[in-house]
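What follows is the residue order along each chain.
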Amino acid sequence: MTPVAVLGRRGHAVAAEPVVAAVLSGIVAILVIVPLAMVVFGAAREAGAFSVRPLLIVFGSTTIIRNTLLVGIGATALAVTIGGLLALMLARIATPGRATLSRLVTLPLYITPLLTAIAWSWLGSPRGGLINLVCRNAFGIDSIVNLHSAGGVIVIAALSYVPLPFLLIGAALRGMDPSLEESARVHGASAFAALRRVTVPLVLPATLGSALLVFVQAMGLFSVPAVLGMPAGFQVAGTEIYRLLNTYPPRVSQAAAWGFVLLIATAGLVWLQAVLLRRRSYVTVTGKAFRPRLLDAGAARWLLAGCAWGYVFAAVILPVATLIWASLVQFITIDPALMQFDLRHFRYVLFEYPKTYIALKNSLLLGAATATCVCALGLGISWVVVRSRSVLRGGLDQLSMV
């Protein structure tokens, strides 16, 4: 590969690779290292002096640490399992409606976990949830669902994060050379044996990468634990940081200490992922053109389609329908005689509430500016890491991952 060159001030050719790599490394270092340093500095400083007391307080909060790990591990295991199975069903098995389902499964990415948590809070509250109210009036069952609990936080967080492993693992499955599975079949393996012993191990990088992303987000999650956990006294690191910053006076050092602990956990996971992937080769794409073959699951394909539609119903259709229904009634009730549907709430938000357009403008500006900056920066970083020979590419890769 010939290095890209640009002209310097005096007309001399200057290699662009080191310049681009140095500029991007500087930008990413400012965006990553400076906040990390401030978190470390804030965690070690209290009342104008350096102290380890904030960290000792954090490590002494065993209940919150246990709850945070429970949510992180539980949501990650559930999301990666569901996302991986959905990717397998829709990418490598001839599941009915797989094209439509592949689009619907990714919709939770466009619905924030906060809205999903609010909708399921109305549905699964132990006393006033719509599901429990219907069961109480129709069948005399007092309560069958309680999402204001640790289990509710884990399940709803997992439903929101399933698209991440689905997209990553699905891309790995669709990009795999089928000759690898054919070689296993030639040596006597059945179709599902080849899938289990060849295909699944080869998507380990995508599985670990998606698990890392989900775990990091679940460990620092605030919205779902705030809606479903805090009413039941279930506190995690995200809600504890919020509480510390909203007390008077704000306990900034303790909040920073919690952030420091989360950063250490993330760094350890990134290192562990690198160690696990360094031990084997995971080459799945060759130089030949190919098209992965779909497996025929027989009559079971309809059961697989039903499972996929079950996820779409729980993560998309039911929460969205609940939010629309709640926005159209004067107050939440299951009594049809008391339901009065109108557009008063939409009229108030769109035409009377003074902060609507300010919030809309800020949201659009934030979304457009963030997407533009991230895509431009990500494109440059990817080019340096994958296509250049710069000595900075390894460090830039690690910094961007952090």
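Structure report, in brief. (Residues numbered from 1 in each chain as written. Predicted model: local features only at pLDDT ≥ 70, side-chain atom pairs only at ≥ 80, totals over all residues. Heavy atoms only, no water.)

Moving on, we get to the pattern of salt bridges. Close approach of charged atoms allows side chains with opposite charge to pair. As enumerated under the stated definition, the model contains 2 salt bridges in all. One salt bridge connects Glu240 with Arg243, and the closest N-O pair in it is separated by 2.7 Å. With Glu240 and Arg243 both in helix α13 (residues 237-245) and 3 residues apart, this pair spans about one turn of that helix. Its relative accessible area of 8% is what places Glu240 among the buried residues. A salt bridge links Arg344 to Asp342; the nearest nitrogen and oxygen atoms lie 3.0 Å apart. The class for Asp342 is partly exposed, based on a relative accessible area of 22%. (Salt bridge = Lys/Arg side-chain N within 4 Å of Asp/Glu carboxyl O. Helix = DSSP H or I, 4+ residues; strand = E, 2+ residues; numbered from the N terminus. Buried < 20%, exposed > 50% of the residue type's maximum accessible area, 1.4 Å probe, protein only.)

Attention now goes to unusual backbone geometry. Geometrically, the link from Tyr248 to Pro249 is a cis peptide bond, its omega value of -5° lying close to zero. Within the fold, Pro249 resides in the loop between α13 and α14 (252-278).

Together, Leu343, Phe346, Tyr348, Val349, Leu350, Phe351, Tyr353, Tyr357, Leu360 and Leu364 line one region of the surface with nonpolar side chains, adding up to about 1000 Å² of accessible area. Elements with a minimum of two residues in the nonpolar patch: α16 (344-352) and α17 (356-387). With respect to the secondary-structure elements, Leu343 resides in the loop between α15 (300-328) and α16. (Patch = residues over 30% accessible without salt bridge, like charges linked within 9 Å, V, L, I, M, F, W, Y side chains within 5 Å. Areas by Shrake-Rupley, 256 points an atom, 1.4 Å probe, with all protein chains shown as cover.)

Where helix α3 (residues 62-91) contacts helix α11 (residues 204-219), the two axes come as close as 8 Å, and the packing angle between them is 145°. For the pair α3 and α11, the crossing hand works out as right-handed. Taking contact as the criterion, the partners of Thr68, Leu69, Val71, Gly72, Ile73, Ala75, Thr76, Ala79 and Val80 in α3 are, on α11, Thr207, Ser210, Ala211, Val214, Phe215, Ala218 and Met219. A class-by-class count of the residues in the contact of α3 with α11 yields 11 nonpolar, 5 polar and no charged. (Axes fitted to C-alpha atoms, helices over the stretch in contact; angles between N-to-C directions. Left-handed = near helix turned anticlockwise from the far one by under 90°. Contact = heavy atoms within 4.5 Å. Nonpolar A, V, L, I, M, F, W, Y, C, P; charged D, E, K, R; others polar.)

With that settled, consider the packing of aromatic side chains. Counted according to the given criterion, the structure contains 2 aromatic pairs. Summarising the aromatic geometry, the rings of Tyr348 and Tyr353 are spaced 5.8 Å apart at their centres and angled 45° between planes, so their arrangement reads as tilted. What makes Tyr348 partly exposed here is its relative accessible area of 41%. Relative accessible area serves as the criterion here: at 35%, Tyr353 is assigned to the partly exposed category. (Phe/Tyr/Trp six-rings, centres within 6.5 Å; stacked < 30°, edge-to-face > 60°.)

This paragraph deals with the nonpolar core. Core analysis: the largest hydrophobic core is formed by 55 residues, its most contacted members being Leu86, Tyr161 and Tyr311. Contacts of Leu86, omitting those with residues within four sequence positions, involve Val105, Val162, Phe166, Ala308 and Tyr311. With 12 residues, the next largest nonpolar core counts Leu55, Val58, Ile64 and Ala237 among its residues. (Core = buried A, V, L, I, M, F, W, Y, C linked by side-chain atoms within 4.5 Å.)

What follows deals with the packing of helix α8 (residues 163-174) against α11. Helix packing for two helices is described by the angle between their axes and how far apart those axes are. Axis separation between α8 and α11 bottoms out at 9 Å; the angle between their running directions is 170°. Between α8 and α11, the crossing angle belongs to the class labelled roughly antiparallel. Crossing angle aside, the handedness with which α8 passes α11 is right-handed. Between α8 and α11, the contacting residues are Leu164, Pro165, Leu168, Ile169 and Ala172 on the first element and Ala206, Thr207, Gly209, Ser210, Leu213, Val214 and Gln217 on the second. (Parallel < 35°, antiparallel > 145°, perpendicular 65-115°, else oblique.)

Attention now moves to the environment of Ala232. Structurally, the position occupied by Ala232 is in the loop between α12 (223-229) and α13. Spatially, the C-alpha atoms of Ala232 and Ser149 are 6.3 Å apart, while their sequence positions differ by 83 residues.

Turning next to the environment of Leu78. Here Leu78 lies in helix α3. For Leu78, a relative accessible area of 33% puts it in the partly exposed group. In this structure the C-alpha to C-alpha distance between Leu78 and Tyr161, which are 83 residues apart in sequence, comes to 9.3 Å. If we ignore the near neighbours within four places in the chain, the residues touching Leu78 are Val155 and Ala158.

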